[in-house]
Amino acid sequence: MIEQEAEQLITQANDAGVSDIHLLPGENGYESFFRINGALNLFDKHSFEWGKRLISYFKFLANMDVGERRKPQSGSCALTVAGNTMELRFSTITNVKLYESLVIRILKQSRTNGASFRTYFPKNQTILRQLVRRKSGLILFSGPVGSGKTTTIYQLLRERIQDEPLQVITMEDPVEIYEPRFLQTEVNLRSQVTYDVLIKASLRHHPDILMIGEIRDEETARMAIRGALTGHLMIATIHAKNAIGVLGRLQELQITSQQLSQTLIGIISQRLIPRYCELCDHQCSQHCSHIPKDLQRLALLEILHGSALELNLQRPNTDSYQTLNKELRRAWSLGFINEKAFTHYELV
Ligand SMILES: [Zn+2]
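Cut-offs applied
Residues numbered from 1 in each chain as written. Predicted model: local features only at pLDDT ≥ 70, side-chain atom pairs only at ≥ 80, totals over all residues. Domains from an automatic or database assignment. Pairing = 2+ DSSP bridges. Helix = DSSP H or I, 4+ residues; strand = E, 2+ residues; numbered from the N terminus. Axes fitted to C-alpha atoms, helices over the stretch in contact; angles between N-to-C directions. Contact = placed C-beta atoms within 7 Å. Expected span 1.5 Å × (residues − 1). Buried ≥ 20, exposed ≤ 12 C-beta atoms within 10 Å, placed from the backbone. Parallel < 35°, antiparallel > 145°, perpendicular 65-115°, else oblique. Left-handed = near helix turned anticlockwise from the far one by under 90°.

K.L.:
What's the story with the domain arrangement of the protein in this structure? I'm lost.
P.N.:
Where interface size is given, it is often the accessible area lost as the parts come together that is meant. Assigned domains within the protein: domain 1 (2–107) and domain 2 (122–345). One C-alpha centre belongs to domain 1, the other to domain 2; they are set 32 Å apart.

Encoded structure:
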């Protein structure tokens, strides 16, 4: 039954912590790949017939045009397997031989993702929780793709709304984690729904907290400042390698230091770093569990806030706070990571 095979594929991927499944036509049939840590890993080989049926079935589930095989399509649906509901996103594209490829993205579910986020140093978690409890202001997160920024922000917001019924609106491109308690919206460039348009619209809903997927232009930066000035807690990510870099980036986006001193309450730069395992003499492989799975990769944080932030708004002063490099050195000296990881993540 194609229905059961489809469910099985999704369940296997989800159990393995996979976010994307790729079904691609190969020379002799379809091949399924799981995206793990950014790389595509071959999962299984199938006949062309099987691949076509499976793709048709998913297109049907996602309300896509099953008869249309030439044009790229996208759609989504929720799938419940053994009482566990997953939000799925699909997109198709067709090759020259008219075989379709299908990419399935599994959005993380709030229930399976309900655990607290983990950091190397718990004190940093406390600081973040205090920042998110502020009534208004701007909090900025930076870090490379895959460093878990969105996960951290979502966990903090979930904790925050547990005690108090606050309205949280998120604006993302696209939504990565499905959370029914937030009002989640998405950028759509084709319909001219950009970040600044979404922020303007969201502010009219009188939310308590706004989360902006990424500040990448002047207009969005301005709107984020405006939201914070008008009594909202604004949380956003911005592209920069560290906290000082975030300040430089905001300057490029024409935000003045006066605007920042009125609104900015914290800058966080995050890395997700595998823990060193003595038994593996490396990070634990995918199959071993010397270290419990949820502790194998922890967040290392640089947090610039309070008086150190004020100081750095005047001029950069890395002596005034725990920079990423200092935190990395601390993790290394405590044996959480090895020298190799230290040199890999150290900022030079
Ligand atoms: Zn190990």
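K.L.:
Before we go on, may I ask you to explain the sheet that holds strand β11 (residues 233–238) in this structure?
P.N.:
Sheet strands pair via backbone hydrogen bonds, and the direction of the pair is either parallel or antiparallel. In spatial order, the strands read β9-β8-β10-β11-β7-β12-β13; together these 7 strands make up an open sheet with mixed pairing. Either end of the sheet is taken by a strand with one partner, and the two such strands are β9 (183–186) and β13 (297–305). This sheet shows a mean twist of 20° between the axes of neighbouring strands, independent of strand direction. In this structure, strand β12 (residues 264–274) lies alongside β13, joined through 9 bridges in antiparallel fashion. Counted as the bridge partner of I273 is L298 from β13.

K.L.:
Just checking my understanding: could you explain the sheet that holds strand β6 (residues 100–107) for this structure?
P.N.:
Spatially, 6 strands are ordered β3-β2-β1-β6-β5-β4 in an open sheet, and the strand pairing comes out antiparallel. Each of the sheet's edge strands pairs with one partner strand only, and the pair in question is β3 (39–46) and β4 (73–81). Within the sheet, the average angular offset between the axes of one strand and its neighbour, ignoring direction, is 25°. Pairing of strand β5 (residues 84–94) with β6, which is carried by 8 bridges, proceeds in the antiparallel orientation. Bridge assignment links R89 to a residue of β6, and that residue is R105. Packing of helix α1 (residues 2–15) onto the sheet brings it into contact with β1 (20–25), β2 (30–36), β4, β5 and β6, and relative to β4 it is tilted by some 80°.

K.L.:
Teacher, can you tell me more about helix α6 (residues 218–229) here?
P.N.:
Since there are 3.6 residues in each turn of an α-helix, residues three or four apart along the chain are aligned in direction. Relative to the 16 Å expected for 12 residues at 1.5 Å per residue, α6 spans 16 Å between its end C-alpha atoms, a close match to the ideal helical length. Among all positions in α6, only T220, A221, M223, A224, I225, G227 and A228 are buried. Looking one or two places after α6, you find G231, whose phi comes out positive at around 90°.

K.L.:
Explain the packing of helix α3 (residues 122–132) against helix α4 (residues 149–163) here, please?
P.N.:
Between two packed helices, both the angle of their axes relative to each other and the distance between the axes serve to describe the pair. With their axes 10 Å apart at the nearest point, α3 and α4 run at an angle of 60° to one another. When the axes of α3 and α4 are compared, the pair comes out oblique. As α3 packs across α4, the resulting crossing turns out to be right-handed. Facing α3, whose interface residues are L128, R129 and V132, α4 presents L156, L157, E159 and R160.

K.L.:
Mind showing me how you'd approach the pairing of β1 here?
P.N.:
Successive side chains on a regular strand alternate, one facing one side of the sheet and the next facing the other. By the alternation rule, side chains of β1 split into I21, L23 and P25, which are all buried, and D20, H22 and L24, of which none is buried. With 4 bridges joining them, β1 and β6 adopt antiparallel strand pairing. Bridged to H22 within β6 is V103. Direction of pairing for β1 relative to β2: antiparallel, over a ladder of 6 bridges. The partner of I21 across the bridge, within β2, is F34. Count of turn residues in the β1/β2 antiparallel hairpin: 4 residues.

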